[in-house]
Amino acid sequence: MQSLRAVRSAFAVATACALLAAGAPAAAQTRAPNAPNSPATQGPAERIAAVVNDEVISLSDVHARIRLALLNAGAQDNAETRQRLTPQVLRQLIDERLQLQEAKRLGVSVPSKEIDEAIGRIAEQNRMGRPQLEALLKTQNVPVSTLREQVRALLSWQRVMQRRIRQEVVIGDEEIDAVMQRIKANIGKPEYLVAEIFLAVDSPDQDEEVRRNAERLVEEVRRGGNFAALARQFSQSAGAASGGDMGWVRTGELNAELDKTLSTMRAGQLSSPVRTATGYHVLLVRDQRPFGSNASTAPPPAPPPRPRAQPKPDLAKAKVNMKQIVIPAPSKEELKAVQAQAEKLRKSIKSCTDFDEKARAMGIPESGDMGTLRVKDLAPGLQQLAVGIPLGQPSPVLMSPGGAVILIVCKRDVPMIEPPPEAEPQPVAAPAPPPIDPKDIKMPPREEIERDLINERADLLARRYLRDLRRTAFVEIRN
């Protein structure tokens, strides 16, 4: 069971939106703020992504939150990753808007000072000051308002839930006694140090969409994404703010589907999405041991994975349809002017048709269509350019003593050479733990068990509350 800290501080956001110290620097190098094909340059950005009751979520809101999620997870900012994260980011924004609307209905508000303090704790946890945190967000084109809004939703929902918990969560002595008996019965049986990402299914027609979202998150983790960061961003369990941490879980503490899945897993393993009555769970087993033992059964840490070999273009079989514009330089003294003229011309070219028109306008016989060429017949310096430059976009200006040349590739047939399969590393077995003497087991105090039961009950209450808000809300998602 989780610690009560997951309820009382899960929404304190000291870790809820933490910009991972390990992930942030890597992510900061993936794309400049206005790099081509980034969401910031894809417009129009102010189109409506969704309507939640009488409020609008814009595409710029979605794009900014995607960039924040990528920064949190340390994931590469590319079109494929953004596409995988978009459905879950949009769902998260819709949930937050519902939570803020409910807080407003109940007269719950969060002072700006508390939001600033929470963001300050985020900066401290990442060993940076507030100005450094804001500078990091700026490098990734993430407005500070995006982080503030996420923090405001978390703190507002915390206050709403605290009001409900005080009214509805009561734990009886008989429930604590039942847990004590179950703990005694589990001595020597496996227990697992588990983290989870939970995505709720509120109605049968959502099942397929939520399952796909869960599978996208699994794929992102397997590609190197940070599980804890993704849990903070997307999980709907009470432990989301602590990276999905559930603590040590013993047989019988979870429902039958999750128990069955855990029994087949080992330390370091990630599950596929597991369907339960409430939604989809993705489990990560961080460690495993017999209950009552402090000895880990996790294997020794594996060496860092080697980068996967990528397919390479087969230059011997590759063919390209290439065109060129030649601008001769009558003398060495005029090379600089010719280069400036060629650079200006290159920037004005938008397509192959545009290239043809400008080549004809130059009136130079060497300019025009070069036909279909075998890449292997090109000069070595041009081979990588021929297979690497984007189709329909002009190459950089190529200079020689005789003048300037601009190339463009309009068609390309490049077979790929697949790398040979790599052998899977063999897992190293952990040493067997020593036998456990039941007399040495120290039972947890009743107060701790009560706190854990409050946590479970509060988590269930929070899920039901948000589910009811979704069911009664008007939500329209725009394509």
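Let us look at the structure shown here. Residue positions within a chain follow its written sequence, with the count starting from 1. With pLDDT at 70 or above as the cut-off, local features in this predicted model cover only qualifying residues; side-chain atom pairs require 80 or more to be listed or tallied, and sums for whole chains, interfaces and linings still use all residues. Where side-chain values are given, they derive from all heavy atoms of the structure, hydrogens and water being excluded.

1. Let's talk about the overall build of the protein
Thinking step 1. Elements are defined by DSSP. Helices are runs of H or I of four residues or more, strands are runs of E of two residues or more, and each kind is numbered from the N terminus. In terms of helices and strands, the protein carries 15 helices and 13 strands.
Thinking step 2. Three labels apply to residues, based on accessible area from a 1.4 Å probe with only protein chains included: buried if under 20% of the type maximum, exposed if over 50%, partly exposed otherwise in between. Sorting the 479 residues of the protein into buried and exposed places 46% on the buried side.
Thinking step 3. Taking the contacts inside the protein whose residues are at least 6 apart along the sequence as the reference set, 77% of them involve residues at least 24 apart.
Thinking step 4. All accessible-area figures derive from a Shrake-Rupley calculation using a 1.4 Å probe, and residue coverage is judged against the displayed protein chains alone. Looking at the protein as shown, the accessible area adds up to about 25,100 Å², and 52% of this sits on carbon and sulfur atoms. Two residues form a contact once any of their heavy atoms are found within 4.5 Å.

2. Brief notes about the packing of aromatic side chains
Thinking step 1. Stacked, edge-to-face and tilted are the three classes for Phe, Tyr and Trp ring pairs, Trp counted by its six-membered ring, which pair at centre distances within 6.5 Å; planes under 30 degrees apart are stacked, over 60 edge-to-face, the rest tilted. Scanning the model with the defined rule gives one aromatic pair in all.
Thinking step 2. Ring centres 5.1 Å apart and planes at 50° place the aromatic pair Trp157 and Tyr465 in the tilted group. Taken together, the residues span a long stretch of sequence, with Trp157 in helix 7 (residues 144-168) and Tyr465 in helix 15 (residues 446-472) at a distance of 308 residues.
Thinking step 3. On the basis of relative accessible area, Trp157 is assigned to the buried category, the value being 3%.
Thinking step 4. Across the ring face of Tyr280, the terminal group of Arg275 is positioned such that the distance to the ring centre comes to 5.3 Å.
Thinking step 5. Look at NZ for Lys and CZ for Arg. If either is within 6 Å of the ring centre and within 35 degrees of the ring normal, a charge sits over the ring. Above the plane of the ring of Phe198 lies Arg463, whose end atom (NZ or CZ) is 3.8 Å from the centre.

3. Brief notes about the sheet that holds strand 13 (residues 475-477)
Thinking step 1. A pair of strands is labelled paired if DSSP reports no fewer than 2 bridges between them. If you walk across this open sheet you meet the three strands as 2-1-13, and the pairing is antiparallel. Two strands close off the open sheet at either side, each with one partner strand: strand 2 (55-58) and strand 13. Across this sheet, the average inter-strand angle for adjacent strands is 20°, counted without regard to direction.
Thinking step 2. Two elements, strand 1 (residues 48-52) and strand 13, share three bridges in a ladder whose sense is antiparallel. Following the sheet pairing, Val52 is matched in strand 13 by Val475.
Thinking step 3. For helices, the fitted axis covers only the stretch in contact; all axes are lines through C-alpha atoms, and the angles between them, taken along N-to-C directions, range from 0 to 180 degrees. Against the sheet, helix 3 (residues 59-73) makes contact with strand 1 and strand 2, and its axis sits at roughly 55° relative to strand 2, the strand it touches most.

4. What about the pattern of salt bridges?
Thinking step 1. Throughout this description, the term salt bridge denotes a Lys or Arg side-chain nitrogen within 4 Å of a carboxyl oxygen of Asp or Glu. Summed over all chains, the structure comprises 26 salt bridges.
Thinking step 2. A salt bridge links Lys358 to Asp354, with the nearest nitrogen and oxygen atoms 2.8 Å apart. Separated by four residues within a single helix, Lys358 and Asp354 lie in helix 13 (residues 352-362), roughly one turn from each other.
Thinking step 3. Look at Asp354 and you get buried, because its relative accessible area is 14%.
Thinking step 4. Linking Asp459 and Arg463 is a salt bridge whose minimum nitrogen-to-oxygen distance equals 3.2 Å. Of the two residues, Asp459 and Arg463 are both situated in helix 15; the distance of four residues between them amounts to about one turn of the helix.
Thinking step 5. The buried category is assigned to Asp459, whose relative accessible area is 8%.
Thinking step 6. What makes Arg463 buried here is its relative accessible area of 19%.

5. Some words on the nonpolar core
Thinking step 1. Membership of the largest hydrophobic core comes to 35 residues, with the highest contact counts inside it found for Ile57, Val62, Leu85, Ile197, Phe227 and Leu230.
Thinking step 2. Residue ranges assigned to the domains are those given by an automatic or database domain assignment. Inspection of this core shows a minimum of three residues originating in each of domain 1 (48-169 + 468-477) and domain 2 (188-296 + 434-442).
Thinking step 3. Setting aside its immediate chain neighbours within four residues, Leu85 contacts Ala69, Leu70, Leu217, Leu230 and Phe234. What makes a nonpolar core is a set of buried Ala, Val, Leu, Ile, Met, Phe, Trp, Tyr and Cys residues whose side-chain atoms join them at distances within 4.5 Å.

That's the geometry; what it means functionally is another story.
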